[in-house]
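# Working through the structure, step by step
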Amino acid sequence: MKQFIKAGSRCLLGMTLFFATHLQAQDNPFIKHMYTADPSARVWADGRLYVYASHDIAPPQGCDLMDQYHVFSTADMKTWTDHGEILRASQVPWGRKEGGFMWAPDCVYRNGTYYFYFPHPSGTEWNKTWKIGVATSKSPAKDFVVQGYVKGAEALIDPHIFIDDNGQAYFYQGGGGVCKAGKLKDNMMEIDGELQKMEGLEDFHEASWVHKYNGKYYLSYSDNHDENWKDGVKGDNRMRYAVSDSPMGPWKSMGIYMDPTNSYTNHGSIVKFKGKWYAFYHNSELSQKNGEFNDWLRSICVDRLEYNKDGSIKKVKQTGLLTGPK
């Protein structure tokens, strides 16, 4: 059953609570029936790739109204299933009573349990009361229940979890130019020790993501670029990366792997699926095509990611709904 209803539709939200929606996506954005952002891509043991995304509500008020996380999955990078909503602000016991502010999430699997991490304020003064919530489930795409929040995390956004080959889990978060990280305890809900600032990152803004390639750790993130700088680069946030011999750094800046999209922001993840590497990100081309362009009505996308022989990442070629390859 295909859905072509805009985000914010009460009908869509009701239906996706009970039914999986199957979507054919031959080009970007690969989700077209609702506005989505901040894709966290994961490959689980069932052989499918899952994307945990945030949800832009139309009409937007910046990022204030973001709510109602959805999960999407695919077996072939062409046919996508919308598994429906898995969590909303009203289900967070310690959350901001006004709701909204359900920003970029992540999800990991550990010892039979899926851990879904999400930033959400605990008070009306949202920018000073961020917590990183944790919801768990035995299923990758349903039945998530909030268990609490990460103890020892700071009042920052954009949680990301990296589990190393030896089983040690690392927690990353950031925003406002600061990226911090630390080890997670085995319960996946407490920082082991204190968070440390990640050193060596050039122009860090937010959206940290760590993956491993040929024994090296890669930390990717969005930068602070703004078109108003008038530096000859059209567009705003770019995606950068740095490498290290340790998940805690120090990091060596390696430059830009993705140019700006037509959205003011970008937030990505990098994952290997069936022998190929992919870069997930978002733009605002769906809202532009729908005749209601807005930087805060975004749409998740994916394109191939490739490495040079020396391990550096080739610039990702974005494929767009309106502009085609660029």
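The notes below deal with the structure included here.

The rules behind the values
Residues numbered from 1 in each chain as written. Predicted model: local features only at pLDDT ≥ 70, side-chain atom pairs only at ≥ 80, totals over all residues. Heavy atoms only, no water. Helix = DSSP H or I, 4+ residues; strand = E, 2+ residues; numbered from the N terminus. Rg over C-alpha atoms; globule rule 2.2 N^0.38 Å. Buried < 20%, exposed > 50% of the residue type's maximum accessible area, 1.4 Å probe, protein only. Pairing = 2+ DSSP bridges. Axes fitted to C-alpha atoms, helices over the stretch in contact; angles between N-to-C directions. Disulfide = S-S within 2.5 Å. Polar contact = N/O pair within 3.5 Å; in protein donor to acceptor, adjacent residues only side chain to side chain. Salt bridge = Lys/Arg side-chain N within 4 Å of Asp/Glu carboxyl O. Contact = heavy atoms within 4.5 Å.

## Observations concerning the overall build of the protein
Summing up its helical and strand segments, the protein has two helices and 22 strands in all. By the compact-globule yardstick of 20 Å for 326 residues, the protein fits well, its C-alpha radius of gyration being 18 Å. If you line up the protein on its principal axes, its C-alpha atoms span 50 × 45 × 40 Å. Expressed as a percentage of its 326 residues, the buried residues of the protein come to 59%.

## Here we look at the sheet that holds strand β12 (residues 178–184)
Sheet architecture is open: four strands sit in the order β10-β11-β12-β13, paired in antiparallel fashion. What marks the edges here is a single partner per strand, and that holds for β10 (157–163) and β13 (191–197). Here the average twist between neighbouring strands, direction ignored, is 20 degrees. Of the pairings in the sheet, the one linking strand β11 (residues 169–175) to β12 comprises six bridges and is antiparallel in character. Paired with Tyr170 across the bridge in β12 is Lys183.

## Comments concerning the state of the cysteines
Enumeration over the complete set of coordinates arrives at zero disulfides. The closest cysteine sulfur to the non-disulfide-bonded Cys63 is located on Cys301, 16 Å from its own sulfur. Cys179 takes part in no disulfide bond, and the closest cysteine sulfur, belonging to Cys63, lies 19 Å away. Since its relative accessible area comes to 3%, Cys179 is described here as buried.

## Structural notes on the environment of Lys252
Within the element layout of this structure, Lys252 appears in strand β17 (residues 252–258). Distance from Lys252 to Glu202, taken between C-alpha atoms, is 8.7 Å for residues 50 residues apart in sequence.

## With respect to the sheet that holds strand β14 (residues 204–213)
With antiparallel pairing, the four strands of this open sheet are ordered in space as β14-β15-β16-β17. With partners counted over all chains shown, the strands left at the sheet margins are β14 and β17, one partner each. Between one strand axis and the next, the sheet turns through 25 degrees on average, direction left out of account. Bridging between strand β16 (residues 239–244) and β17 involves five bridges; their strand directions are antiparallel. Bridging across to β17, Met239 finds its partner in Met258.

## Regarding the side chain of Thr265
For Thr265, the position within the fold is in the loop between β17 and β18 (269–273). Owing to a relative accessible area of 8%, Thr265 belongs among the buried residues under this scheme. At 2.8 Å, the side chain of Thr265 forms a polar contact with the side chain of His282. Of the polar contacts made by the side chain of Thr265, one reaches the side chain of Arg298; its length is 3.1 Å.

## Thoughts on the pattern of salt bridges
Taken as a whole, this structure holds 17 salt bridges when the rule is applied. Across the pair Arg96 and Glu98 runs a salt bridge whose closest N-O atoms are separated by 3.8 Å. Judged by its relative accessible area of 13%, Arg96 falls in the buried class. Take Glu98: its relative accessible area is 40%, and that puts it in the partly exposed class. The salt bridge partner of Glu98 is Lys97, with a shortest N-O separation of 3.3 Å. Take Lys97: its relative accessible area is 72%, and that puts it in the exposed class. Counted as one network, the salt bridges with shared partners bring together Glu202, Asp223, Arg238 and Arg240.

## Some remarks on the pairing of β12
Of all seven residues in β12, five are buried; the element is thus mostly enclosed. In sequence, β11 turns back onto β12 through a hairpin of two residues, with Gly176 there showing a positive phi of about 65 degrees. Pairing between β12 and β13: four bridges, direction antiparallel. When the bridges of β13 are listed, Leu184 appears paired with Ile191. Between β12 and β13, which pair antiparallel and follow one another directly, the connecting turn spans six residues, one of which, Met188, has a positive phi of 65 degrees.

## Side note on the environment of Trp251
Inspection of the secondary structure assignment puts Trp251 in the loop between β16 and β17. In this structure Trp251 comes out as buried when scored by relative accessible area, which is 6%. Residues contacting Trp251, with those up to four places away along its chain left out, are Met198, Glu199, Gly200, Leu201, Tyr217, Tyr218, Leu219, Ala242, Val243, Ser244 and Ser246.

## Notes on the side chain of Arg298
Tracing the backbone through its elements, the reader meets Arg298 in the loop between α2 (285–289) and β20 (299–304). A distance of 2.8 Å separates a polar atom in the side chain of Arg298 from a polar atom in the side chain of Asp56. In contact with Arg298, other than residues within four places in its own chain, are Tyr35, Thr36, Ala37, Asp38, Asp56, Cys63, Met66, Ser263, Thr265, His282, Asn283 and Ser284.

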